[in-house]
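Coordinate analysis (summary)
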Amino acid sequence: MTTDGNGAALDGAVVAVAGAAGPAGRAAVLRLAAAGATVVAADADAGRLADAVDAARSAHGDAAVAGETVDLLDPAATRAWAARTEEEFGRIDGLVHLVGGWRGGKTFADTDLADWDVLDKLLVRTVQHTSLAFHEALRRSDRGRYVLVSQSGASSPTEGNAAYAAAKAAAEAWTLALGDAFRKAGGEDGPTAAATILVIKALVHDAMRAERPNAKFAGFTDVTDLADAIAGVWDRPAQDVNGQRLWLTPKP
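What comes next concerns the included structure.

Rules behind the numbers
- Residues numbered from 1 in each chain as written.
- Predicted model: local features only at pLDDT ≥ 70, side-chain atom pairs only at ≥ 80, totals over all residues.
- Heavy atoms only, no water.
- Helix = DSSP H or I, 4+ residues; strand = E, 2+ residues; numbered from the N terminus.
- Expected span 1.5 Å × (residues − 1).
- Buried < 20%, exposed > 50% of the residue type's maximum accessible area, 1.4 Å probe, protein only.
- Contact = heavy atoms within 4.5 Å.
- Axes fitted to C-alpha atoms, helices over the stretch in contact; angles between N-to-C directions.
- Parallel < 35°, antiparallel > 145°, perpendicular 65-115°, else oblique.
- Left-handed = near helix turned anticlockwise from the far one by under 90°.
- Nonpolar A, V, L, I, M, F, W, Y, C, P; charged D, E, K, R; others polar.
- Right-handed = clockwise from strand over helix to strand, strands pointing away.
- Pairing = 2+ DSSP bridges.

This paragraph deals with unusual backbone geometry. You will see that F217, though not glycine, has its phi angle at about 50°, which is positive. Here F217 is to be found in the loop between α6 (206-211) and β8 (221-222).

Structure (structure tokens):
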């Protein structure tokens, strides 16, 4: 379990957030900005991204939050985003990957392989592109962190979620490989950068509760709690979180 990010580890850090316009992304941008980070928020939806950036700036008058419309399915565009970020701010200390999506059915036999095509792009390709684009800058940082949010089904898939669980598992494996690269780069002194996986069952936010006031959302992680856990990754030494799955829900 991570800490709540109340230390000064993020003060002055430069953190990029991919998928910043959704509920989890908005919460993460707010939390990171409140901790003193300069946040470079990216999303494919320019309108929703602008709303997320404005909300963060309104909540924290001195927040340093920038927005970039980026197609993370385009590897060249993703690398250009990373290069612009490092050129403008002089460093990159984190990439928080919050690009999500779900497709599935009720039974294994009902699986539509078209769902895999969609999920492979959303959940795997975007991880590949962001990790390759930001790897070197994170390795150079004295507190670099690559944070992936995954789902418990990757470790315990159900039949109707075959495509989703397989895509999440692939994203986890890719992130752990990045962690191995950071470990080797650190040598005998240990890594200064870390690739970390936060595992949830599902996310919940206020709008969902308002829509379903009688729902229990058992085992769900509130987006604000997820944001605290994301910030908390910087509170711990790189070697403690590198290549680790940090569970925010009970293991299945």
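Another aspect to go through is helix α5 (residues 162-186). Look at α5: 36 Å from first C-alpha to last across 25 residues, which is about the 36 Å you get at 1.5 Å a residue. Listed as buried for α5 are A163, Y164, A165, A167, K168, A171, E172, T175, L178, G179 and F182. On its buried face, α5 sits against α4 (113-140), β5 (145-151), β6 (194-200) and β9 (244-247). G187 sits one or two positions beyond α5 and adopts a positive phi of about 60°.

Our focus in this paragraph is the packing of helix α3 (residues 75-89) against α4. For the pair α3 and α4, the least separation of the axes is 7 Å and the interaxial angle reads 25°. As judged from the angle between their axes, α3 and α4 are roughly parallel. Between α3 and α4 lies a crossing of right-handed hand. Two secondary-structure elements touch here, α3 through P75, T78, R79, W81, A82 and E86 and α4 through H129, T130, L132, A133, F134, A137 and R140. Looking at the contact of α3 with α4 residue by residue, the class counts come to 7 nonpolar, 3 polar and 3 charged.

Take the pairing of β5 next. Here β5 lies mainly inside the structure; 7 of its 7 residues are buried. Neither face of β5 is exposed, since R145, V147, V149 and Q151 on one face and Y146, L148 and S150 on the opposite face are all buried. Taking the sense of rotation as the criterion, the β-α-β connection linking strand β4 (residues 94-97), α4 and β5 turns out right-handed. Sheet topology places β5 next to β6; 7 bridges connect them, and they run parallel. Bridge pairing in β6 links V149 to L198. Regarding the hand of the β-α-β motif, the stretch spanning β5, α5 and β6 is right-handed.

This next bit is on the environment of G105. Here G105 shows up in the loop between β4 and α4. Overall, the relative accessible area of 37% leaves G105 in the partly exposed class. Along the chain, G105 and A162 lie 57 residues apart, while their C-alpha atoms are 8.9 Å from each other.

Along the polypeptide, D93 turns up in the loop between α3 and β4. Those residues in contact with D93 that sit more than four places away from it in its chain are G12, A13, V14, L138, S141, D142, R143, G144, R145 and W234.

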